[in-house]
Amino acid sequence: MTDAMVDLSPAATALHEQLADRAREIVARYPADRSRSALLPLLHLVQSVEGYVSPAGVEFCAGVLGLNKAQVGAVATFYTMYKRRPTGDWLVSVCTNTLCNVLGGQQVYDTLSERLGVGHDETTADGTITLEHAECLAACDYGPVMTVNYEFFDQVDPESASAVVDELRAGGRPTPTRGARLCTLKEMSIQLAGFTDPRDEAIADGRAGEPSLRGLRLAEEHGVSVPGFDPDTPIRRRDENTGKPADKPAPPTKVPSSRTGSTAPDTKDPDVKDPQVRTAETRQPDARTAVPDAPGNAAPADGVPPGPADARSAEAAGVGANPPAGDAKPAGDDTGAQERNLADAGGAPAGGEKEAEK
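Model, not experiment: these values are computed from the prediction.

Q: Explain the packing of helix 2 (residues 39-50) against helix 8 (residues 185-192) here, please?
A: For any two helices packed against each other, the geometry is given by the interaxial angle and the distance between the axes. Packing of helix 2 against helix 8 brings their axes to within 7 Å, and their N-to-C directions diverge by 155°. The angle between the axes of helix 2 and helix 8 places the two elements in the roughly antiparallel class. Note that helix 2 runs across helix 8; the crossing there is left-handed. On helix 8, the residues touching H44, L45, Q47, S48, V49 and E50 of helix 2 are L185, K186, S189, I190 and L192. Within the contact of helix 2 with helix 8, the residues separate by chemical class into five nonpolar, four polar and two charged.

Q: In this structure, what is going on with the nonpolar core? I would like to understand it.
A: Nonpolar side chains in soluble globular proteins tend to end up buried together. Ranked by internal contacts, the top residues of the largest apolar core, which has 28 residues, are L39, L42, L43, L45, F60, C61 and V72. Of all the secondary structure elements, the ones that give two or more residues to this core are helix 1 (10-27), helix 2, helix 3 (55-65) and helix 4 (69-78). In terms of residue count, helix 3 provides more of this core than any other element does, seven residues in total. Beyond its immediate stretch of four places on either side in the chain, L42 contacts A23, I26, V27, C61, V64 and L65. Counting residues in each nonpolar core, the second largest holds 19 residues, with L116, I129, M146 and L182 among its members.

Q: Looking at this structure, how should I read the pairing of strand 3 (residues 129-134)?
A: The side chains of a regular strand alternate between both faces of the sheet. Most of strand 3 sits inside the fold, with five of its six residues counted as buried. With six bridges joining them, strand 1 (residues 90-95) and strand 3 adopt parallel strand pairing. In the strand pairing of strand 3, V94 is matched with H133. Strand direction decides the pairing type here: strand 2 (residues 122-123) and strand 3, joined by two bridges, are antiparallel. By the bridge assignment, T123 is partnered in strand 3 with T130. Counted between consecutive antiparallel strands, the loop separating strand 2 from strand 3 contains five residues, among which G127 sits at a positive phi close to 75°.

Q: Is there a simple way to explain a nonpolar patch on the surface in this structure?
A: On the surface, L40, F78 and Y79 cluster together into a nonpolar patch covering about 320 Å² of accessible area. Mapped onto the elements, L40 comes out in helix 2. For L40, a relative accessible area of 35% puts it in the partly exposed group.

Q: Can you help me understand helix 9 (residues 210-222) in this one?
A: Relative to the 18 Å expected for 13 residues at 1.5 Å per residue, helix 9 spans 18 Å between its end C-alpha atoms, a close match to the ideal helical length. At L216, helix 9 shows its maximal kink, close to 30°. Positive backbone phi, approximately 70°, marks G223, located one or two places after helix 9.

Q: Sorry, what's going on with the pattern of salt bridges here?
A: Oppositely charged side chains may form a pair once their charged atoms are brought near each other. Counted by the stated rule, this structure contains eight salt bridges. Linking D21 and R24 is a salt bridge whose minimum nitrogen-to-oxygen distance equals 3.3 Å. Taken together, the residues D21 and R24, both in helix 1 and three residues apart, mark about one turn of the helix. Note that D166 and R115 form a salt bridge whose closest N and O atoms lie 2.8 Å from each other. Separated by 51 residues along the polypeptide, D166 in helix 7 (residues 158-169) and R115 in helix 6 (residues 105-116) bring together distant segments of the chain.

Q: Can you help me understand the side chain of S162 in this one?
A: Its place among the elements puts S162 in helix 7. When neighbours within four sequence positions are excluded, S162 is seen to be in contact with T111, L112 and R115.

Q: What's the story with the packing of aromatic side chains in this structure? I'm lost.
A: With the rule as written, the count across this model stands at two aromatic pairs. Considering the side-chain rings of F78 and Y79, the 4.9 Å spacing of their centres and the 85° angle between planes classify their relative orientation as edge-to-face. Looking at Y79, the relative accessible area reads 38%, which means it is partly exposed. Judged by centre distance (6.1 Å) and plane angle (85°), the ring pair of Y79 and Y82 falls under edge-to-face. Chaining the aromatic ring pairs together yields one cluster made of F78, Y79 and Y82. When the ring centre of F195 is taken as origin, the NZ or CZ atom of R29, which lies over that ring, is 5.0 Å away. A cation sits over an aromatic face here: R178 above Y142, 3.8 Å from the ring centre.

Conventions used here
- Residues numbered from 1 in each chain as written.
- Predicted model: local features only at pLDDT ≥ 70, side-chain atom pairs only at ≥ 80, totals over all residues.
- Heavy atoms only, no water.
- Axes fitted to C-alpha atoms, helices over the stretch in contact; angles between N-to-C directions.
- Helix = DSSP H or I, 4+ residues; strand = E, 2+ residues; numbered from the N terminus.
- Parallel < 35°, antiparallel > 145°, perpendicular 65-115°, else oblique.
- Left-handed = near helix turned anticlockwise from the far one by under 90°.
- Contact = heavy atoms within 4.5 Å.
- Nonpolar A, V, L, I, M, F, W, Y, C, P; charged D, E, K, R; others polar.
- Core = buried A, V, L, I, M, F, W, Y, C linked by side-chain atoms within 4.5 Å.
- Buried < 20%, exposed > 50% of the residue type's maximum accessible area, 1.4 Å probe, protein only.
- Pairing = 2+ DSSP bridges.
- Patch = residues over 30% accessible without salt bridge, like charges linked within 9 Å, V, L, I, M, F, W, Y side chains within 5 Å.
- Areas by Shrake-Rupley, 256 points an atom, 1.4 Å probe, with all protein chains shown as cover.
- Salt bridge = Lys/Arg side-chain N within 4 Å of Asp/Glu carboxyl O.
- Expected span 1.5 Å × (residues − 1).
- Bend = angle between axes of the 7 residues up to and from the residue.
- Phe/Tyr/Trp six-rings, centres within 6.5 Å; stacked < 30°, edge-to-face > 60°.
- Lys NZ or Arg CZ within 6 Å of the ring centre and 35° of its normal.

Next up, the structure:
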């Protein structure tokens, strides 16, 4: 916990009093210099109490990790599983993307919207059900599909979807087509925060869907099986020329320090450039940056940029190989700018060589 906890608003202070112990447990799962990684489970922890990530929840997470509220809010708004408005116990998501829509997904959504009296991302007056469009639920072979707190109800139609919703409103917990038993949004969030749900009915006892098992069934029918594999057999490197396994095994993989329990900060290789810096240099190199793929400009093997004379010879050869443009101007860059760049590359002011020649 950080000193920022003393500056919390009353609402965030109340959250801190309720969640401080579990928050410490979450933060302790990560190396000391990687505590920011605890933000995702902390947001789920907040949602397990409030049913959504409130402004007070954002403030609480920021205080725990020593971040500002903008940094926490950026994460909370990026992931759709973090709700920024009060959400019902049951989040009903209906896929209306292309395939499910063709199979009737939009009709399912429209029926539920009319039945519940709410639209997208709206919650019923009794606070039990929130309805939403879902762009894709990654279950095209079961379409049209809907989920309740991310558990699947497959091949639904307006009648079967309405029956599920009616049972939820009556206080029941309908059995999903496949997967685990239903739990409320808050119960689900406490599990996603990394804590065991003590309820007996929290135990997953669902079944797999038949389309998902189709490959296994075909393998059984045709006697297809995975050949024996010894996990202790070393992986052999491949010969660069033939592509076949070489005689010597590959060297053992080094385990990063971040996986050894060390809290020492990561140290970058001094030769490794930041991706943004590398991209910027590729797009707009300066006069001291060797550009291996530039026309007529071969970078020496030792990485030293070509000298001004080499670059001038390459430019002259390029201009000579290209006919003049229609306005009789030679193809190529502004010669003045080129001279300045060449002078910079050689460490001398523009015009220095000409003065020396005189």
